[in-house]
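# Geometric and topological summary
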Amino acid sequence: MTDAANCTVSGGSPAQLPMVFPLEGLPARVRIHEVGPRDGLQNESAIVPVEVKAEFIRRLAAAGLTTVEATSFVHPKWVPQLADAEELYPRLDGLSGVRLPVLVPNARGLERALALEAREVAVFASATESFAHANLNRTVDGALEMFEPVVARAKREGLRVRGYLSMCFGDPWEGPVPVDQVVRVCRALAGMGCDELSLGDTIGVATPGHVHALLAALRTAGLPASGAVSPGTPASGPSAAGPTLAVHFHDTYGQALSNTLAALQNGVTTVDASAGGLGGCPYAKSATGNLATEDLVWMLNGLGIETGADLAALSATSLWMAERLGRPSPSRTVRALAGTASPLSSQEQ
């Protein structure tokens, strides 16, 4: 049995831990944007059965996650692991109170999402020319031109739109990415009407000072983390406010949590994470796994920041998925909790 509030697990795991010591200037609550079922599983070499994907999402929702990115409507040729999007999405009916965004790479992808009555979509841009060519076979500006009518149509249909931006902190082909280059593409996505921008450290090379610098530059450019428009600043999109900012860190060099803390200090309240640390990037081979949701929750619990997530249930879910993938979970928190007690929660059964 578990005590979710205190991460207490019967059988010997550390009760009442982590101890809570809040830091001034941090948000009271953080929304976790769970990307494991999409960004995590798309990088798997083997095809995960659709019924396993659906159960994975249901377990994540039961563990208290309110945003779970379900799948991608990309052409099966490019991401065969997610070729079952039309079969998967209807299986998620009945998940009340859970947002289920999907990735749409182009107008055709949006049509497929609309046919299944998806209410939130995401487009995927790049801050660098090399990655735009590798991922979308277009220039940066060519990709933005492709996305503009997609975003406009989605907004007309009443959908919420997220804009992912890859290579915000470094590129495997180009190396350092100038901050003003990232700001330019963010402003373009904001101008289209994106409701949220997710700043991606695709190859995991960011450090806290870099995170502070980018968020400060975006704030100066009229794109604060909260999306609020400062007095006298022209609105960046069709609404009176600009998009809110989220962060998406990979843990290649072990910096994902420290970078997340830097983002929180700059007002970010949405953090992308992947259950069990699943994922990477099929177009950037140096990219290792995403920030593990459990590692993020452990840190946020210790800071006294609300997430609504049940750490024990999350860990059990990641162990369950790891068994189906045939390998251990890379999440340090999952391994630590699994090593001190069994079961972690009734979901593990």
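Okay, so let's go over this structure. (Residues numbered from 1 in each chain as written. Predicted model: local features only at pLDDT ≥ 70, side-chain atom pairs only at ≥ 80, totals over all residues. Heavy atoms only, no water.)

## Concerning the environment of Gly25
Rules: Segments assigned H or I by DSSP are reported as helices when at least four residues long, segments assigned E as strands when at least two residues long, and all are numbered from the N terminus. Only protein chains enter the calculation, and the probe is 1.4 Å; a residue is then buried if its accessible area is under 20% of its type maximum, exposed if over 50%, and partly exposed in between.
Topologically, Gly25 is positioned in the loop between strand S2 (8-9) and strand S3 (31-34). Assessed through its relative accessible area of 65%, Gly25 is described here as exposed. Taking C-alpha positions, Gly25 is 8.5 Å from Asn266, a pair spaced 241 residues apart along the chain.

## As for the side chain of His33
Here is the rule: The contact definition used throughout considers only heavy atoms, calling two residues in contact when any of these lie within 4.5 Å.
With respect to the element layout, His33 can be found in strand S3. Here His33 is in contact with Thr67, Glu69, Pro101, Arg162, Tyr164, Glu196, Thr270, Val271, Asp272 and Ala273, once residues within four sequence places are set aside.

## Notes on helix H6 (residues 140-156)
For the record, the criterion: Multiplying 1.5 Å by the residue count of a helix minus one yields the expected span of that helix. A residue's bend is simply the angle between two axes: one fitted to the seven residues ending at it, one to the seven starting at it.
With 17 residues, H6 should cover 24 Å at 1.5 Å per step; its first-to-last C-alpha distance of 24 Å lies within 8% of that length. The principal kink in H6, of about 25°, is found at Phe147, preceding the proline Pro149 by one to four residues. For H6, every residue scored as buried is listed here: Val140, Gly142, Ala143, Leu144, Met146, Phe147, Val150, Val151 and Ala154. Directly after H6, the chain includes Gly158, whose backbone phi takes a positive value near 85°.

## A look at the pattern of salt bridges
Rules: Salt bridges are defined as contacts in which a side-chain nitrogen from Lys or Arg sits within 4 Å of a carboxyl oxygen from Asp or Glu.
The full count for this structure, using the stated rule, is 20 salt bridges. Here Glu87 ties to Arg91 by a salt bridge, and the two come within 3.1 Å at their closest N and O atoms. Across the pair Glu323 and Arg324 runs a salt bridge whose closest N-O atoms are separated by 3.4 Å. According to the relative accessible area criterion, Glu323 is exposed, its value standing at 54%. When salt bridges with common partners are traced through the structure, they connect Arg31, Arg99, Glu120, Arg160, Arg162, Glu196 and Asp272 into a single cluster.

## Some thoughts on a nonpolar patch on the surface
Heads up, the condition is: Patch membership is restricted to residues that have no salt bridge and whose relative accessible area is over 30%. Joining uses 9 Å for like charges and 5 Å for the nonpolar side chains Val, Leu, Ile, Met, Phe, Trp and Tyr. We get accessible surface area from the Shrake-Rupley algorithm with a probe of 1.4 Å; when it comes to residues, only the shown protein chains can shield them.
Judged by side-chain polarity, Leu17, Met19 and Phe21 come together as a nonpolar surface patch covering roughly 310 Å² of accessible area. Take Leu17: it is sitting in the loop between S2 and S3. On the accessibility criterion, Leu17 (30% relative accessible area) is partly exposed.

## So, unusual backbone geometry
The linkage connecting Leu17 with the following residue, Pro18, adopts the cis geometry, with an omega of 0°. Along the chain, Pro18 turns up in the loop between S2 and S3. Notably, Glu117 is not glycine yet its phi reads approximately 65°, a positive angle. Within the secondary structure, Glu117 is located in the loop between helix H4 (107-115) and strand S7 (120-126). On the basis of relative accessible area, Glu117 is assigned to the exposed category, the value being 63%.

## Topic: the pairing of strand S8 (residues 160-166)
How we decide: For two strands to count as paired, DSSP must find a minimum of two bridges between them. Seen with the strands pointing away from the viewer, any crossover whose path from the first strand over the helix to the second strand runs clockwise is right-handed.
For S8, the tally of buried residues reaches six of seven residues, placing the bulk of the element in the interior. By the bridge criterion, seven bridges tie S7 to S8 in an arrangement that is parallel. Within the sheet, the bridge partner assigned to Ser126 lies in S8 and is Ser166. Assessed by its sense of winding, the connection that carries the chain from S8 through helix H7 (residues 179-192) to strand S9 (residues 196-201) is right-handed.

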